[in-house]
Amino acid sequence: MLSMIGLLGGLILLIILTLRGVNLFIAAPICALLVALSSGMAIFPVSADTNFINAYMDGFAGFLSAWFFMFLLGSLFGKFMEDTGAADSVASYIVGKLGMKHAVLAVVIACAVLTYGGVSVFIVAFSVYPMALSLFKDANLPRRFIPATLAFGSVTFTMTSAGSPEIQNWIPVKHLGTSPYAAWEVSLVVAIFMATAGYFWLNKMIKKAVANGETFEARDDDPVVIERRRPHPITGVIPLIVVLVLSFALHDILQQTALIVALLGGVLSIVIINFKHFHDMGNAINVGTTGALVAIGNTAAVVGFGAVAKVSPAFTAAVDVMTHMPGNELLGAAVAVSVIAGLTGSASGGQAIALPLVAPGYLDMGVNPEQLHRVVAISSGALDTLPHNGYVVTTIRAICKETHQRAYWSMAALTAVIPLIGVALALGLFIFF
């Protein structure tokens, strides 16, 4: 009981501190320590095999090891798009052709194409943010909605849909023997619903803010727009296409490592195509590398909390309860994956923990594996986006330089509420039709 109180208390405290803007390098370890102490876990490595220091740092260092090059190259890609003026050029072209009223749609489509093409959602945020900033500035829209717009195009109707190369759609393949296109008919219906309802809600929120007098707010650290000859818009699109094509082509061969090659190709293509348009390449490199370290550090700090939570007795008990729920098996799987993803702050983590426990029993009971695949995939992308989620923290704080108070609630509406309704829709279609 004490361990459960500590786990829930630590999670709630972490959410509160994150929303209040407390530095995550301080907040995450403190909350993880609370979980460890309430679970009777040893603090120092000399005391026991399972201890707070090792558990936290294994999670922290493991994330750094797995993602450092992707964050570094992704950040450099975004900064090069800014410094060369390529992002401004693409944004101006879109606004000129489609009109300012379609600025938000352009950002959503760009994120959706890259995500469905296999580019990691973290890297999509780095890559599209410069263009999103320019579009919101040209359209004079409140910049606090940029994180929600990026997230909506990345982690909702594309990330967990049939055919998506994202890991959230591939983890069930290993455990259920299905294909990435499992239950594509229902997936298509749910994806169309999420895209339509989410876009309508996003536009409604932005229009309400504009009607209340909100406008785009320039900041001192915004990219400086130099009066110069901008590169042709196509030179800003080609690097994005390079990233997309390389990521998609190499995904099956290199798995996650394909992103390193894809992003390196994107960075090199910007340098080659737009070299003469660089304003200050040295500064862009310095700012990009520093930004990458801040982004991956913040995310790793939260991952460390999840690593400590996973080895607590309360987490084991919670997983056992969630994975042995009575009633409809699809509903039970949806609840289990959603709750575990919320506790760990990770969609893939929710699947990786729940599926090995529920899949064998459910399959033996005759549950349709394709239906189970799709329910698990969609449900993993709902409660995972609580305030302490790594993608949420990185996108709001490190990339968009916003605060949770200003930017999180609109993001939560699109990345938690809409997917939860999508899960309910999928369950209804599977159970009643």
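Residues numbered from 1 in each chain as written. Predicted model: local features only at pLDDT ≥ 70, side-chain atom pairs only at ≥ 80, totals over all residues. Heavy atoms only, no water.

In the annotation of an unreviewed UniProt entry, the entry for the chain reads Permease, and the organism field reads Pseudoalteromonas gelatinilytica.

Caption draft 1: Main features of the overall build of the chain. Assigned secondary structure in the chain consists of 18 helices and zero strands. In terms of C-alpha radius of gyration, the chain reaches 21 Å, essentially the compact-globule figure of 22 Å for 433 residues. For the chain, with 433 residues in total, the buried portion stands at 58%. The contacts of the chain with a sequence gap of at least 6 include a subset with a gap of at least 24, amounting to 80%. In the form shown here, the chain has an accessible surface area of approximately 17,600 Å², with 69% of it arising from carbon and sulfur atoms. (Helix = DSSP H or I, 4+ residues; strand = E, 2+ residues; numbered from the N terminus. Rg over C-alpha atoms; globule rule 2.2 N^0.38 Å. Buried < 20%, exposed > 50% of the residue type's maximum accessible area, 1.4 Å probe, protein only. Contact = heavy atoms within 4.5 Å. Areas by Shrake-Rupley, 256 points an atom, 1.4 Å probe, with all protein chains shown as cover.)

Caption draft 2: Here's a closer look at the packing of aromatic side chains. A full pass over the atoms with the stated rule returns 15 aromatic pairs. Centroid distance Trp67 to Phe122: 5.5 Å. Interplanar angle 55 degrees. Geometry classified as tilted. On the criterion of sequence distance, the pair formed by Trp67 in helix H3 (residues 52–83) and Phe122 in helix H6 (residues 121–139) is long-range, its members being 55 residues apart. Since its relative accessible area comes to 11%, Phe122 is described here as buried. Between Phe68 and Phe69, the aromatic rings sit 5.4 Å apart at their centres with planes inclined by 70 degrees, giving edge-to-face as the arrangement. (Phe/Tyr/Trp six-rings, centres within 6.5 Å; stacked < 30°, edge-to-face > 60°.)

Caption draft 3: Summary view of the UniProt feature "transmembrane region" (unreviewed entry) in the chain. Annotation from UniProt places "transmembrane region" (unreviewed entry) at residues 60–81, 102–129, 181–202, 234–251, 257–275 and 407–432. A helix fraction of 100% and a strand fraction of 0% characterise residues 60–81, whose end C-alpha atoms lie 30 Å from each other. This span, residues 257–275, is 89% helix and 0% strand, and a straight line between its end C-alpha atoms measures 27 Å. (UniProt positions renumbered as here; feature names shortened; annotations may be inferred.)

Caption draft 4: Molecular detail of the confidence of the model for the chain. Model confidence for the chain is summarised by a mean pLDDT of 87, while 97% of its residues fall at 70 or above. Ranking the elements of the chain by mean pLDDT puts helix H4 (residues 86–98) last, at 78, and helix H9 (residues 184–211) first, at 95. (pLDDT = per-residue confidence, 0-100.)

Caption draft 5: The packing of helix H1 (residues 2–19) against helix H13 (residues 313–322), seen in detail. Viewed as axis vectors pointing N to C, H1 and H13 meet at an angle of 90 degrees, and their least axial separation amounts to 8 Å. Classed by the angle they form, the pair H1 and H13 counts as roughly perpendicular. Residues Ser3, Met4 and Leu7 of H1 form the contact with H13, whose own contacting residues are Pro313, Ala314, Phe315 and Ala318. Its residues placed into classes, the contact of H1 with H13 shows six nonpolar, one polar and no charged. (Axes fitted to C-alpha atoms, helices over the stretch in contact; angles between N-to-C directions. Parallel < 35°, antiparallel > 145°, perpendicular 65-115°, else oblique. Nonpolar A, V, L, I, M, F, W, Y, C, P; charged D, E, K, R; others polar.)

Caption draft 6: Representation of the layout of surface pockets in the model. A volume near 980 Å³ is recorded for the largest pocket. If you trace the largest pocket, you find 41 residues lining it, with Trp67, Ile167, Gln168, Ser346 and Ser348 closest to the centre. For the lining of the largest pocket, the secondary structure elements donating two or more residues are H3, H6, helix H8 (167–176), helix H10 (234–254), helix H11 (258–274), helix H12 (281–310), helix H15 (347–364) and helix H17 (390–399). Classifying every residue of the lining of the largest pocket gives 18 nonpolar, 19 polar and four charged. (1 Å grid on protein atoms, 1.4 Å probe; cavity = no way out; pocket = protein on both sides within 12 Å on 5 of 7 lines; lining within 4 Å. Points joined across faces, edges and corners; volume = space filled by probe spheres on them.)

Caption draft 7: Broad picture of the packing of helix H14 (residues 329–344) against helix H18 (residues 404–432). Taken N-terminus to C-terminus, the directions of H14 and H18 make an angle of 165 degrees; their axes are 10 Å apart at the nearest point. On the basis of the axis angle, H14 is roughly antiparallel to H18. The two elements H14 and H18 meet at a crossing, and its hand is right-handed. Residue-level inspection shows Leu330, Leu331 and Ala334 of H14 in contact with H18, the latter providing Val423, Leu427 and Phe430. (Left-handed = near helix turned anticlockwise from the far one by under 90°.)

Caption draft 8: Looking closely at the environment of Phe122. Put simply, Phe122 and Thr395 are 273 residues apart on the chain and 7.7 Å apart in space, counted from C-alpha to C-alpha. Beyond its immediate chain neighbours, meaning those up to four positions away, Phe122 contacts Phe63, Trp67, Phe71, Thr299, Gly390, Tyr391, Thr394 and Ile399.

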